[in-house]
Amino acid sequence: MESEWMPWAERDAAAYVAVPTERDDKYSRGVLGIVTGSAEYPGAGVLGVEGAARTGLGMIRYLGDATKLVLSRRPEVVTLPGRVQAWLIGSGTDSGELGLLGTLFSDALASDEPVVADGGALEMAAEAPRAGVVVTPHYRELARMLAHVGERVSAQTIATTPSVWASRAADILRVTVLLKGSTTFIAEPLGARIAVSGAPGWTATAGAGDVLGGVLGALVATHADGAFEPGTLARLAASAQVLHATAAQRASQGGPIVALDIAEALPDAVRQLLAIRGD
Ligand SMILES: NC(=O)C1=CN([C@@H]2O[C@H](COP(=O)(O)OP(=O)(O)OC[C@H]3O[C@@H](n4cnc5c(N)ncnc54)[C@H](O)[C@@H]3O)[C@@H](O)[C@H]2O)[C@@H](O)CC1
Ligand SMILES: Nc1ncnc2c1ncn2[C@@H]1O[C@H](COP(=O)(O)OP(=O)(O)O)[C@@H](O)[C@H]1O
């Protein structure tokens, strides 16, 4: 039977924006460890960092392979390993050529912290399912993840019936799945089913998904305490998608955008959500 898909509006997402209080410092707000970007795709490292930084969090520890580029754009980022409350791994990496990054991915997946896995970390996340992991594939990536665990389905079939496959993938892979597309479907293993639409078609541009990874990483890092409770990761993923779509709308206003425009519109998108909440 087809699952019931719950919509997720700006009002719902607004509840998942963590607003710092007078008692907060950079550590209490949440630290995100980011292992993204490679020699082949350094820009993805920058885009994820920008997405996270512009969503709002205490600190980013960047441990990927695009340090120079990331620091030239965001000198606020710390490149020293240390304690984090959540991980964003894999955007802008190739699962076939991971080298040292592969060790960092498996350390994150073996840690006690929640993990957002994308790009080259998706297959590794499929191999070692655990609570607190959310994967963010597009259709072709989901087809590869499923093939990796012995479920053969074409990317074309997933594109034709994305809700069916997001739902099935969550149950097969036993991690929370955010399946990207014009409508994004979020499914928790045997749990929440949320569909988010409303991003302009202009969002279909290189690197937009890397920015989304950063947005979700920031929301998870700022809600790490509850991330293992049933349904929480799915609601954080839906909220990240709404925030990303709102930022894309604000940046686009009916015209073309690049991924960095979405990241730069995020503070206004956050303000828009907080205004709905009445903050
Ligand atoms: N600025 C950056 O650094 C960017 C990095 N990216 C990273 O690139 C990696 C690969 O992601 P993809 O989403 O491209 O992976 P896909 O699985 O969609 O594509 C894999 C390969 O298939 C080929 N391909 C697929 N469809 C094609 C088409 N219509 N025309 C031409 N070639 C096609 C491309 O050679 C591509 O490298 C990820 O790690 C991702 O994070 C992308 O996000 C784009 C931006
Ligand atoms: N037709 C579309 N309309 C609106 N949003 C889209 C459309 N196609 C893709 N998107 C969104 O654009 C982003 C693309 O991400 P992704 O496929 O990972 O690209 P990249 O790897 O280049 O970052 C996702 O957030 C996805 O939901």
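Throughout this description, residue numbers start from 1 for each chain and increase along the sequence as written. Numbering of ligands from 1 and lettering of chains from A proceed in the order in which they are written. With the structure being a predicted model, the display of local features is reserved for residues of pLDDT at least 70 and the display and counting of side-chain atom pairs for 80 or more, all residues being used for whole-chain, interface and lining totals. Note that the side-chain values use all heavy atoms of the structure and ignore hydrogens as well as water.

## Points about empty space enclosed by the protein
Our working definition: Space inside and on the surface of the protein is sampled on a 1 Å grid over the protein atoms alone, with a cavity defined as a set of points where a 1.4 Å probe fits but cannot get out and a pocket as an open set with protein on both sides within 12 Å along at least 5 of 7 lines; lining residues have an atom within 4 Å of a point. Grid points are joined across faces, edges and corners, and a volume is the space filled by probe spheres set on the points. Gly is put with the polar residues, along with every residue not named as nonpolar or charged; the nonpolar set is Ala, Val, Leu, Ile, Met, Phe, Trp, Tyr, Cys and Pro, and the charged set is Asp, Glu, Lys and Arg.
Here the structure, examined in full by the defined rule, presents 1 cavity of 30 Å³ or more. Counted as a void, the largest cavity has a volume near 50 Å³. Lining of the largest cavity is provided by Val-17, Ala-18, Thr-55, Gly-56, Leu-219, Thr-222, Leu-243 and Val-270. By residue class, the composition of the lining of the largest cavity is 5 nonpolar, 3 polar and no charged.

## Looking at the packing of aromatic side chains
The condition is simple: Any two of the Phe, Tyr and Trp rings considered here, Trp counted by its six-membered ring, make a pair once their centres fall within 6.5 Å; the pair's planes then place it as stacked at under 30 degrees, edge-to-face at over 60, or tilted in between. Where helices and strands are cited, they refer to DSSP runs of H or I of at least four residues and of E of at least two residues respectively, numbered from the N terminus. When accessible area is computed with a 1.4 Å probe and restricted to protein chains, residues below 20% of their type maximum are described as buried, those above 50% as exposed, and intermediate ones as partly exposed. A ring is considered to have a charge above it if a Lys NZ or an Arg CZ atom is located within 6 Å of its centre and within 35 degrees of its normal.
Applying the stated rule across the entire model yields 2 aromatic pairs. Their ring planes at 75° and their centres at 5.0 Å tell us that Trp-5 and Phe-185 sit as a pair that is edge-to-face. With Trp-5 in the segment before strand 1 (6-7) and Phe-185 in strand 8 (residues 184-187), this pair connects stretches of sequence that are 180 residues apart. Given a relative accessible area of 12%, Phe-185 falls into the buried group. When the ring of Trp-8 is compared with that of Tyr-16, the centres are 6.3 Å apart and the planes differ by 45°; the resulting orientation is tilted. Given the relative accessible area of 13%, Trp-8 is considered buried. The cationic tip of Arg-168 hangs over the ring face of Trp-165; the distance from NZ or CZ to the ring centre is 4.5 Å.

## Details of the pattern of salt bridges
Stated precisely, the cut-off is as follows: One speaks of a salt bridge when a side-chain nitrogen belonging to Lys or Arg is within 4 Å of a carboxyl oxygen belonging to Asp or Glu.
Summed over the entire model, instances satisfying the criterion amount to 8 salt bridges. Across the pair Arg-74 and Glu-76 runs a salt bridge whose closest N-O atoms are separated by 2.9 Å. Classification of Arg-74 as buried rests on a relative accessible area of 15%. Residue class for Glu-76 comes out exposed when judged on its relative accessible area of 52%. Across the pair Arg-193 and Asp-171 runs a salt bridge whose closest N-O atoms are separated by 3.3 Å. You can see Arg-193 sitting in strand 9 (residues 193-196) and its partner Asp-171 sitting in helix 9 (residues 162-173), a full 22 residues away along the chain. Arg-193 gets classed as buried once you look at its relative accessible area, which sits at 10%. Through salt bridges with shared partners, a single ionic network connects Glu-50, Arg-54, Arg-73, Arg-74, Glu-76 and Glu-264.

## A short note on the site of ligand 1
Using the following cut-off: Being near a molecule or strand, for a residue, comes down to having at least one heavy atom within 4 Å of it. We call two N or O atoms a polar contact when they sit within 3.5 Å, provided that within protein one can donate a hydrogen and the other can accept it, with sequence-adjacent residues counted only if both atoms are side-chain atoms.
Near ligand 1 you find Tyr-41, Gly-43, Ala-44, Ser-91, Gly-92, Thr-93, His-138, Arg-140, Arg-144, Ala-206, Gly-207 and Asp-210, and these make up its full shell. One of the backbone N or O atoms of Ala-44 is found 2.9 Å from an oxygen atom in ligand 1. Separating an oxygen atom of ligand 1 from a side-chain N or O atom of Arg-140 is a distance of 2.5 Å. Those elements giving two or more residues to the shell around ligand 1 turn out to be helix 3 (42-55) and helix 7 (139-148). Of the residues that constitute the shell around ligand 1, the class distribution is 3 nonpolar, 6 polar and 3 charged.

## Considerations on the packing of helix 11 (residues 232-252) against helix 12 (residues 259-277)
Keep this limit in mind: Lines fitted to C-alpha atoms define the axes, with helix axes restricted to the stretch in contact, and inter-axis angles between N-to-C directions lie between 0 and 180 degrees. Note on terminology: angles under 35 degrees are roughly parallel, angles over 145 are roughly antiparallel, angles of 65 to 115 are roughly perpendicular, and the others are oblique. By definition in these notes, contact holds between two residues if any of their heavy atoms fall within 4.5 Å.
In the contact formed by helix 11 and helix 12, the axes pass within 7 Å of each other and the chain directions differ by 110°. It follows that helix 11 is roughly perpendicular to helix 12 by the angle criterion. On helix 12, the residues that touch Leu-243, His-244, Thr-246, Ala-247, Ala-248, Arg-250 and Ala-251 of helix 11 are Asp-261, Ile-262, Ala-265, Leu-266, Asp-268, Ala-269, Val-270, Gln-272 and Leu-273. Residue composition of the contact of helix 11 with helix 12, by class: 10 nonpolar, 3 polar and 3 charged.

## Points about the site of ligand 2
Inclusion rule: Reported accessibility uses the Shrake-Rupley method at a 1.4 Å probe radius. Residues are deemed covered only where the shown protein chains occlude them. Pocket occupancy is defined atom-wise: a molecule lies in a cavity or pocket when more than half of its atoms are within 2 Å of its grid points.
Contacts to ligand 2 come from 16 residues, most closely from His-138, Lys-180, Gly-181, Gly-207 and Gly-209. Lys-180 places a side-chain nitrogen or oxygen 2.7 Å from an oxygen atom of ligand 2. At 3.2 Å from an oxygen atom of ligand 2 is found a main-chain nitrogen or oxygen belonging to Asp-210. The protein chains hide 78% of the 570 Å² of surface that ligand 2 would expose on its own. When atoms are counted within 2 Å of each cavity's grid points, the one that captures over half of ligand 2 is the largest pocket.

## Some thoughts on the pairing of strand 9
Condition: Whether two strands pair comes down to DSSP finding at least two bridges between them.
Neither face of strand 9 is open: one carries Arg-193 and Ala-195, the other Ile-194 and Val-196, and all of them are buried. The pairing of strand 1 with strand 9 spans 2 bridges and is classified as parallel. What sits directly across from Pro-7, in strand 9, is Ala-195. Two strands pair when backbone bridges link them, and strand 8 and strand 9 are joined in this way by 4 bridges, in the antiparallel orientation. What sits directly across from Ile-186, in strand 9, is Ile-194. Linking strand 8 back to strand 9 in an antiparallel pair, the connection comprises 5 residues, with Leu-190 at a positive phi of about 50°.

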